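Here's the letter readout for the chains.
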Amino acid sequence: MNKQIRLGQHIISADSPTFIVAEMSGNHNMDFDRAVAILQAAKEAGADAVKIQTYTADTITLDCDAPCFQITQGTLWDGTTLHKLYEKAYTPWEWQPKLKKIAQDMGLEFFSSPFDLTAVDYLEEMEVPAYKIASFEITDIPMIRKIARLKKPIIFATGIAHLADIELALQTCREEGNEDVILLKCTSAYPAPYEDVNLRTIPAMAETFDCIAGLSDHTLGSAVPGAAVALGARMVEKHMTLRRADGGVDSAFSMEPEEFKEMVDNIRRIELALGKVTYDLSPGAEREREHSRSLFVAKDMRAGEVFTPENLRSVRPGYGLHTKYYEELLGRRISRDAKLGTPMSWDLVDFGHTADRRNLQ
């Protein structure tokens, strides 16, 4: 898989800043002006992109009350059916070209997760720069194949995927000649418990599938995204709303703008702190070495006196001889008078005379 991927005006790679995506999902609460406000808030918070979802209740599921269509898995949405949930959560399709234009004018990338083949066609007419495959669609091989043929970046969430599901999805992309693939570690729980996140999978995923890896996060707070970046995530996706108190299908595990900005700022600090592998010291650290340990005359001494543990000590700062010479100097004589606090140097050593060290114990 390619290790450098262009998504719109951005490059995603090991050497590029982490690509940060604000997921709008259903947080617009069916209000177009609120959707626009989320775009603006995402831009101000430092997001690189906003992602939406392209489906209707009828394109993603069936209007059916049978037991298998009831939500009973211990989620935020238990007690309703899939169809009724998606009627509340979907983003009206007629909004989407308008939102894309507004986002682009703000300097944001704008793309979507399609949930059926008609959504792919619609998004392609919109000329989106990339496609996101949601966790529960990673097994939809016909849709993945159709998207792969478009030769645009494909971002896979892996929340419900077995290893074989990921392998089949990537094999499908390769068969269609598309190697612009990003895998996102995802935990499909809303909100996700920290103990289920398993961030160490991110570098393993990048190595196993030889691809760019990142995080689609549903935990509360920004600790997990920061840790993911430290482990090598090159893309981070997080749900965003204006205010959780406003309610909505995803509000409980979404970030407010101030929280999202704090996350972005922390990620940028982490990137600076990660730096590179080096044992060289910065100019500041080199100056700080002046305060390291070295050998000093610890008492007033007269020429000819013997160096002992009482008058020769390893102390701060670092202007004297290196401490590795301490044992070698014990028992030798000082060549001239020296006051307490004199940095030890070779010209203070009389190499012609050596005292019996046994008398210094």
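First things first, this report covers the structure right here in the doc. (Residues numbered from 1 in each chain as written. Predicted model: local features only at pLDDT ≥ 70, side-chain atom pairs only at ≥ 80, totals over all residues. Heavy atoms only, no water.)

## Quick look at a negative patch on the surface
For step 1, the next point in the chain: Taken together, Asp 58, Asp 63, Asp 65 and Glu 87 make up a surface patch of like negative charges.
For step 2, the next point in the chain: Assignment of secondary structure puts Asp 65 in the loop between α2 (57-60) and α3 (82-89).
For step 3, the next point in the chain: Classification of Asp 65 by relative accessible area gives exposed; the value is 52%. (Patch = residues over 30% accessible without salt bridge, like charges linked within 9 Å, V, L, I, M, F, W, Y side chains within 5 Å. Areas by Shrake-Rupley, 256 points an atom, 1.4 Å probe, with all protein chains shown as cover. Salt bridge = Lys/Arg side-chain N within 4 Å of Asp/Glu carboxyl O. Lys, Arg positive; Asp, Glu negative; His and termini not counted. Charge placed at Lys NZ, Arg CZ, Asp CG, Glu CD. Helix = DSSP H or I, 4+ residues; strand = E, 2+ residues; numbered from the N terminus. Buried < 20%, exposed > 50% of the residue type's maximum accessible area, 1.4 Å probe, protein only.)

## Section: empty space enclosed by the protein
For step 1, the next point in the chain: Overall, the coordinates contain one cavity of 30 Å³ or more when judged by the stated rule.
For step 2, the next point in the chain: The space that makes up the largest cavity amounts to roughly 30 Å³.
For step 3, the next point in the chain: Along its surface, the largest cavity is lined by Cys 186, Thr 187, Ala 192, Val 197, Leu 215, Ser 216, Asp 217, His 218 and Thr 219.
For step 4, the next point in the chain: Here the element with the most residues in the lining of the largest cavity is strand β9 (residues 212-217); it accounts for three residues. (1 Å grid on protein atoms, 1.4 Å probe; cavity = no way out; pocket = protein on both sides within 12 Å on 5 of 7 lines; lining within 4 Å. Points joined across faces, edges and corners; volume = space filled by probe spheres on them.)

## As for the pairing of strand β3 (residues 19-23)
For step 1, the next point in the chain: In terms of burial, β3 is largely enclosed, as five of its five residues are buried.
For step 2, the next point in the chain: Of the two faces of β3, the one holding Phe 19, Val 21 and Glu 23 and the one holding Ile 20 and Ala 22 are both buried throughout.
For step 3, the next point in the chain: Direction of pairing for β3 relative to strand β10 (residues 235-239): parallel, over a ladder of five bridges. Residue pairing in the sheet places Phe 19 in a bridge with Met 235 of β10.
For step 4, the next point in the chain: Examined bridge by bridge, β3 and strand β4 (residues 49-54) share three bridges and lie parallel to one another. By the bridge assignment, Ala 22 is partnered in β4 with Val 50.
For step 5, the next point in the chain: Crossover β3 to β4 through helix α1 (residues 32-45) is right-handed. (Pairing = 2+ DSSP bridges. Right-handed = clockwise from strand over helix to strand, strands pointing away.)

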